Amino acid sequence: MFRLNKIPRLVISHLKSNLANRSPISGSWLNSYLSRLNNQNNLLNYASLYRFSTSQSTYDKAVALFNEEKHEEALELFEKALLQNMRAHGEGHEKNSDILLYMGIIHNNLGNINEALEAVGRALDINMELYQEYNPDRPRLYSALGSIYEKQESFERALECYKYAETILLRLYGEEHPDLAIVKENIGRILLAKKKAH
C-alpha cells in the first residue's frame, strides 16, 4: 500500500497544490490527511519534549541536592534522570555523561569505589564517542577518575588521569585557566603520596 507519510515534504507540498487545484475531493482528502499527519507529528514532538523536560527537571533537582551535599537523595534522582534521559534520547546522549559523572562523584564520596569507577567510565565512554580528544568536558571526567583512583591509592593511575586532564586544559585554554591550578595541585598531592609510599 502506498503510504503518504513516507513522501518528502517538498513532494507533498507539490502534490497538495496540484491536487487542490484540480479536484476539490482529492484536495480536501489530502488536506485532511496532511492535517492528521501533522497532528500526529506534533504529538510525537510534544511527547519527546515532555520526556526531555521531565528528565531536565529531575536532573536540576538532583544537582541542587548534590550542592547541598545530600548525596544519597541526589543519587536517587540522578538515577531517575538517567533512565528518563535514556528513554528520551538513548544511551549515547551528552546529558547522560553529565549525569553519570555526578553519580560517580557521589559514589566516590560514599566510598562505593566500584560503582564510582563504572559510572565515570561510562561517562568517559559516552564523551569519547561524541567528541574529539580535546573536549572541554574531558578534563572533569579525567579528574573525577583520578580522584577515584587516588582514593583507592592507585597513585600511578590517578597520576595518569590528572596528567590527561592537565594536557587537555593546557591545549584548550593555556596556562591561565583556573581548573589548571586544581589539576596541578592534584598532581602535586599524588607525587607527594608516592614519595611517602616509597
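The structure reproduced in this document is the subject of the present report. Because the structure is a prediction, the values reported are computed rather than measured. (Residues numbered from 1 in each chain as written. Predicted model: local features only at pLDDT ≥ 70, side-chain atom pairs only at ≥ 80, totals over all residues. Heavy atoms only, no water.)

### Concerning the overall build of the protein chain
The helix and strand inventory of the protein chain stands at eight helices and zero strands. Counting the 198 residues in the protein chain, one finds 36% classified as buried. Intrachain contacts of the protein chain at a sequence separation of at least 6 include 53% that bridge at least 24 residues. Accessible area for the protein chain stands at about 12,500 Å²; split by element, carbon and sulfur atoms hold 52% of it. (Helix = DSSP H or I, 4+ residues; strand = E, 2+ residues; numbered from the N terminus. Buried < 20%, exposed > 50% of the residue type's maximum accessible area, 1.4 Å probe, protein only. Contact = heavy atoms within 4.5 Å. Areas by Shrake-Rupley, 256 points an atom, 1.4 Å probe, with all protein chains shown as cover.)

### Remarks on the environment of Glu-153
Relative to the elements of secondary structure, Glu-153 occurs in the loop between helix H6 (138-151) and helix H7 (155-173). Looking at Glu-153, the relative accessible area reads 59%, which means it is exposed.

### As for the packing of helix H4 (residues 94-109) against helix H5 (residues 113-130)
At a minimum axis distance of 8 Å, the contact between H4 and H5 shows a crossing angle of 160°. Taken together, H4 and H5 sit at an angle that is classed as roughly antiparallel. By crossing handedness, the relation of H4 to H5 is classed as left-handed. Contact with H4, carried on its side by Glu-94, Asn-96, Ser-97, Leu-100, Leu-101, Met-103, Gly-104, His-107 and Asn-108, involves Ile-113, Glu-115, Ala-116, Ala-119, Val-120, Arg-122, Ala-123, Ile-126, Asn-127 and Leu-130 of H5 and no other residues of that element. Its residues assigned to classes, the contact of H4 with H5 comprises 10 nonpolar, six polar and three charged. (Axes fitted to C-alpha atoms, helices over the stretch in contact; angles between N-to-C directions. Parallel < 35°, antiparallel > 145°, perpendicular 65-115°, else oblique. Left-handed = near helix turned anticlockwise from the far one by under 90°. Nonpolar A, V, L, I, M, F, W, Y, C, P; charged D, E, K, R; others polar.)

### A look at the pattern of salt bridges
Considering all chains together, one arrives at seven salt bridges under this definition. Between Asp-98 and Arg-140 there is a salt bridge, and its shortest N-O distance comes to 3.2 Å. Residue Asp-98 is found in helix H4, and its partner Arg-140 is found in helix H6; the two are separated by 42 residues along the sequence. Taken together, the shared-partner salt bridges in this structure form one network comprising Asp-98, Asp-137 and Arg-140. (Salt bridge = Lys/Arg side-chain N within 4 Å of Asp/Glu carboxyl O.)

### Observations concerning H6
With 14 residues, H6 extends 20 Å between its outermost C-alpha atoms, agreeing within 8% with the 20 Å of an ideal straight helix rising 1.5 Å per residue. Here H6 has its buried residues at Arg-138, Pro-139, Leu-141, Tyr-142, Ser-143, Ala-144, Leu-145, Gly-146, Ile-148, Tyr-149 and Glu-150. Looking at the packing, one finds that the buried side of H6 touches H4, H5, H7 and helix H8 (178-197). Following H6 by one or two positions, Glu-153 has its phi on the positive side, about 65°. (Expected span 1.5 Å × (residues − 1).)

### Structural notes on unusual backbone geometry
Despite not being glycine, Glu-69 shows a phi value in the positive range, around 60°. Within the element layout of this structure, Glu-69 appears in the loop between helix H2 (24-67) and helix H3 (71-89). Owing to a relative accessible area of 63%, Glu-69 belongs among the exposed residues under this scheme. Not every positive phi belongs to a glycine, and Glu-153 is a case in point at roughly 65°.

### Thoughts on the environment of Glu-129
Mapped onto the elements, Glu-129 comes out in helix H5. Judged by its relative accessible area of 65%, Glu-129 is exposed. When the C-alpha atoms of Glu-129 and His-93 are compared, they prove to be 9.8 Å apart, with 36 residues separating the residues in sequence.

So yeah, pure geometry; function would need other evidence.
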